[in-house]
Structures are given as C-alpha cells and as structure tokens.
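Per-entry structural report
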Amino acid sequence: MSNINNRRTFLKGIGFGSVLLGTMQYSLSAKEEQENVGKKPHYGMIFDQTKCVGCSDCEIACTKVNLVPKGQHRLYVDDQTDPLHVKDRRFVRISCQQCEDSPCTEVCPTSACYRDSITNIVTMNTDDCIGCKYCIVACPYDVRFINNETHAAENCNFCLGTNLKDGKDPACVEACKYDALVFGDFNDDKAYMNKLLNVKDSVRMKPGFGTKPSIRYIPSLKTGV
Ligand code: SF4
Ligand code: SF4
Ligand code: SF4
C-alpha cells in the first residue's frame, strides 16, 4: 500500500499510533536540534497534541492552497482516541516528516523528488516525474502519493511553492485556530518553535527508521478518564 488515502488502515497495521506518542525517550531540545544539523536552514514543524481538537481545518486549507485533488491529501489528522478512554480525545498529524536523511530523494531516478538547495525542504519538480513510484516505496512513513491530476508524486513541502513563497506560514499553520501547529527554522535561535521545544518535551515519529524526521510532536500525557 503506498497511497496516503489508504493510510488510516495501513498505519493501524504497523502500530504507528501506539508507539508514536506518550514516551519521552526521543525528546530533543532545540539546542540539540541545532547541533544535529549545522548552520543551514532546517525547517520543521511542531504538532501539539495537547491543543489539537481534530477539526480538520488544516487538512482543508492544505488541499485548497496546494490544489490537491479531491479525495487526496498531503496531510491528515488521524483520530487515535483510545476507545476505552473516549473523553481523552487524541489526534495525530500524518504528513511528510521532512526527513534530514530522506530515502525518497535518494532513490528518485530523475531527481524530480529533491531537496531544495536554499531551504533544504524535500519537494518536487513535477515536470520531471515519470511516475515510477520508487519514492513512494522508499518512504518509510508512507506519506507520498501520485497526484491524480498531475500524475506526479507529491508530498507535504511546507507549502514551499505556495504560502512560503509568498512569505506566509504553511496553510495548515495559518488555518489552525488552536495553535496546535508551529512552523519555523530549528537553526534560528529566535524562532518561537525553539523556545517552545526548550520548555516542552517532544517526540519524533518512528525515529527507529533512521531518517531524522523534522516534525516534532508534543504528546498529550493525560491519562484516560
Ligand atoms: S487545524 Fe489545528 S486543531 Fe484542527 S485538526 Fe488541524 S492541527 Fe488539529
Ligand atoms: S517522510 Fe517520506 S516523503 Fe517525507 S522526506 Fe521522509 S522519506 Fe521523504
Ligand atoms: S515517482 Fe516521480 S518523484 Fe517518485 S521516484 Fe519516480 S520519478 Fe522520482
């Protein structure tokens, strides 16, 4: 299975949600992030599970701004509420993790999937994509898909060609009324995201894949009620 639209079933199959949040063992401070990646820009995003209400406004905004065809998604918010603790609603953002070591860019035979030289963001040149799906197979997070209209592979690129180009935050961040999403540069001392990471514990999704994902999750530590 290699399409984000089939992902809800797939993720449950690999236990994605169950290991995702609730452990601090992969917590990283902003200082550690900076030491990890050197001085180039390192854009990333924080998803704060303690604030997300599962409204889906981020999904809708992403689709609209990035012209994602109906029924397809660069991101979605998965409801991972424990059925035994239904009052403790838990949602998780699922999207490209913007890996520092990205197998998708490594395997692409045409370099259609590439890392932007200025921003370091993993993105696409759709004109060069031959639809071979190597990148989809290589992505351990299963978040790439073939756009039904462009017939090219696609991933969340933090709105590199749309909102970022216009000097705005990614569409999902703009749309979230609950401040559950924060975007910024890990290498910018003044970035709000770094101040947040200095005071909040965060985790990476499936760090065992070894790709160094750039999305951080602030987990809800509430016990079920
Ligand atoms: S817009 Fe914000 S609160 Fe709503 S689902 Fe997305 S991240 Fe959660
Ligand atoms: S999550 Fe997948 S598509 Fe995104 S950078 Fe990592 S390997 Fe590439
Ligand atoms: S589907 Fe497109 S982006 Fe993905 S590996 Fe093939 S040519 Fe590259």
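Residues numbered from 1 in each chain as written. Chains lettered and ligands numbered in written order. Predicted model: local features only at pLDDT ≥ 70, side-chain atom pairs only at ≥ 80, totals over all residues. Heavy atoms only, no water.

A closer look at the site of ligand 2
- Close contacts around ligand 2 come from Cys96, Gln97, Gln98, Cys99, Ser102, Pro103, Cys104, Cys139, Pro140, Tyr141, Val143 and Arg144, and that covers them all.
- Placement of ligand 2 is best described as lying within the second largest cavity.
- Residue composition of the shell around ligand 2, by class: 8 nonpolar, 3 polar and 1 charged. (Near = heavy atom within 4 Å. 1 Å grid on protein atoms, 1.4 Å probe; cavity = no way out; pocket = protein on both sides within 12 Å on 5 of 7 lines; lining within 4 Å. Sits in = over half its atoms within 2 Å of the grid points. Nonpolar A, V, L, I, M, F, W, Y, C, P; charged D, E, K, R; others polar.)

A look at the sheet that holds strand β1 (residues 43–48)
- Sheet architecture is open: 3 strands sit in the order β8-β1-β9, paired in mixed fashion. Looking at the sheet topology across the chains shown, the edges are occupied by β8 (181–185) and β9 (215–218). Here the strands of the sheet are splayed against their neighbours by 20 degrees on average, with no regard to which way each runs.
- Pairing geometry for β1 and β9, over 4 bridges, is parallel. Its bridge partner lying in β9, phenylalanine 47 is registered against tyrosine 217.
- Docked against the sheet, helix α8 (residues 192–199) engages β1, β8 and β9, running at close to 115 degrees with respect to β8. (Pairing = 2+ DSSP bridges. Helix = DSSP H or I, 4+ residues; strand = E, 2+ residues; numbered from the N terminus. Axes fitted to C-alpha atoms, helices over the stretch in contact; angles between N-to-C directions. Contact = heavy atoms within 4.5 Å.)

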